Amino acid sequence: LLYVTSKSNSSSSTNNTTSTSSNGGQNAALDFSNLLSGATTNNSASASSSSGGGGGGLDFSSLLTSSSSQSNGINNNNNISNSNGGVQVVEWPGMNLDDAMARNKNPDAFVRVLFKYENIMKELNYHSPVLAGKLKACNGNVQEAAKVYREFLVKGSISS
């Protein structure tokens, strides 16, 4: 087990530093008060000044702005089409059933992808032959197939 303890360090300008040690059963409390209050160590002062925080507290604003730019990049890599009656369809060549279901939560969008890519229908037929048979019986009618898919999901969630 690893415990965090405070240890006196004479070569540093700070009074308390944390180090990990294996103390064979000693209980040591973790003290994070210096992270939230205005700590006077060189490391926390440089961290707060570089991240833009002025009060000594933690500043996560840079993480929020970088995550929004990353999510936009992810969405731009996918082929998203919105010309199918207002339904947003996410699709790409070689897409599998898991990706199709995860990326297309709307049943209208999912059945459009299902009818477009034969490999996804084959994979659905392997995992759920009853649902695949009902969807194939719709003969490409997206509205009817979406209704069948919704009913199948609701019935499956009730019986579980």
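Summarised in this report is the structure supplied together with it. (Residues numbered from 1 in each chain as written. Predicted model: local features only at pLDDT ≥ 70, side-chain atom pairs only at ≥ 80, totals over all residues. Heavy atoms only, no water.)

On to the nonpolar core. In terms of nonpolar packing, the biggest core is built from 23 residues, with Phe110, Val111, Val113, Leu114, Ile120, Leu124 and Leu135 touching the most fellow members. Leave out the neighbours within four places in its chain, and Leu135 touches Val111, Leu114, Phe115, Met121, Leu124, Ala145, Val148 and Tyr149. (Core = buried A, V, L, I, M, F, W, Y, C linked by side-chain atoms within 4.5 Å. Buried < 20%, exposed > 50% of the residue type's maximum accessible area, 1.4 Å probe, protein only. Contact = heavy atoms within 4.5 Å.)

All right, on to a nonpolar patch on the surface then. Taken together, the side chains of Leu30, Phe32, Leu35, Leu58, Phe60 and Leu63 define a hydrophobic patch exposed on the protein surface, amounting to about 630 Å² of accessible area. With respect to the secondary-structure elements, Leu58 resides in the loop between helix 2 (42-51) and helix 3 (61-77). (Patch = residues over 30% accessible without salt bridge, like charges linked within 9 Å, V, L, I, M, F, W, Y side chains within 5 Å. Areas by Shrake-Rupley, 256 points an atom, 1.4 Å probe, with all protein chains shown as cover. Salt bridge = Lys/Arg side-chain N within 4 Å of Asp/Glu carboxyl O. Helix = DSSP H or I, 4+ residues; strand = E, 2+ residues; numbered from the N terminus.)

Turning our attention to the pattern of salt bridges. Inspection of the entire model under this criterion finds 3 salt bridges. A salt bridge links Glu91 to Lys116; its shortest N-O distance comes to 3.3 Å. Taken together, the positions of Glu91 in strand 4 (residues 87-91) and Lys116 in helix 5 (residues 107-116) put the pair 25 residues apart, joining distant regions of the chain. Of the charged contacts, one joins Glu118 and Lys122 as a salt bridge, the two residues approaching to 3.5 Å between their closest N and O atoms. On the criterion of helical spacing, the pair formed by Glu118 and Lys122 is a turn pair, its members being 4 residues apart in helix 6 (residues 118-127). The burial state of Glu118 is the same as that of Lys122; both residues are exposed.

Let us look at helix 7 (residues 129-136). All of the buried residues in helix 7 are Leu131, Ala132 and Leu135. For helix 7, the angular spread of the buried residues around the axis is 100°, confining them to a single face. Elements in contact with the buried residues of helix 7: helix 5, helix 6 and helix 8 (142-159). (Arc of directions from axis to C-beta.)

A word on helix 6. Among the residues of helix 6, Ile120, Met121 and Leu124 are the ones counted as buried. Across the axial projection of helix 6, the buried residues extend over an arc of 100°, all falling on one side. Away from its buried face, by an angle of more than 90 degrees, helix 6 presents the exposed residues Glu118, Lys122 and Tyr126. Tucked into the core, helix 6 has its buried residues touching helix 4 (97-103), helix 5 and helix 7.

On to the packing of helix 5 against helix 6. Following both chains from N to C, one finds helix 5 and helix 6 inclined at 105°, their axes separated by 5 Å at the closest point. Relative to helix 6, helix 5 is oriented roughly perpendicular. Where helix 5 approaches helix 6, its residues Val113, Leu114, Phe115 and Lys116 are matched on the opposing element by Glu118, Ile120, Met121 and Leu124. (Axes fitted to C-alpha atoms, helices over the stretch in contact; angles between N-to-C directions. Parallel < 35°, antiparallel > 145°, perpendicular 65-115°, else oblique.)

Notably, Asn139 is not glycine yet its phi reads approximately 50°, a positive angle. Tracing the backbone through its elements, the reader meets Asn139 in the loop between helix 7 and helix 8. Residue Asn139 is classed as exposed on the basis of its relative accessible area of 69%.

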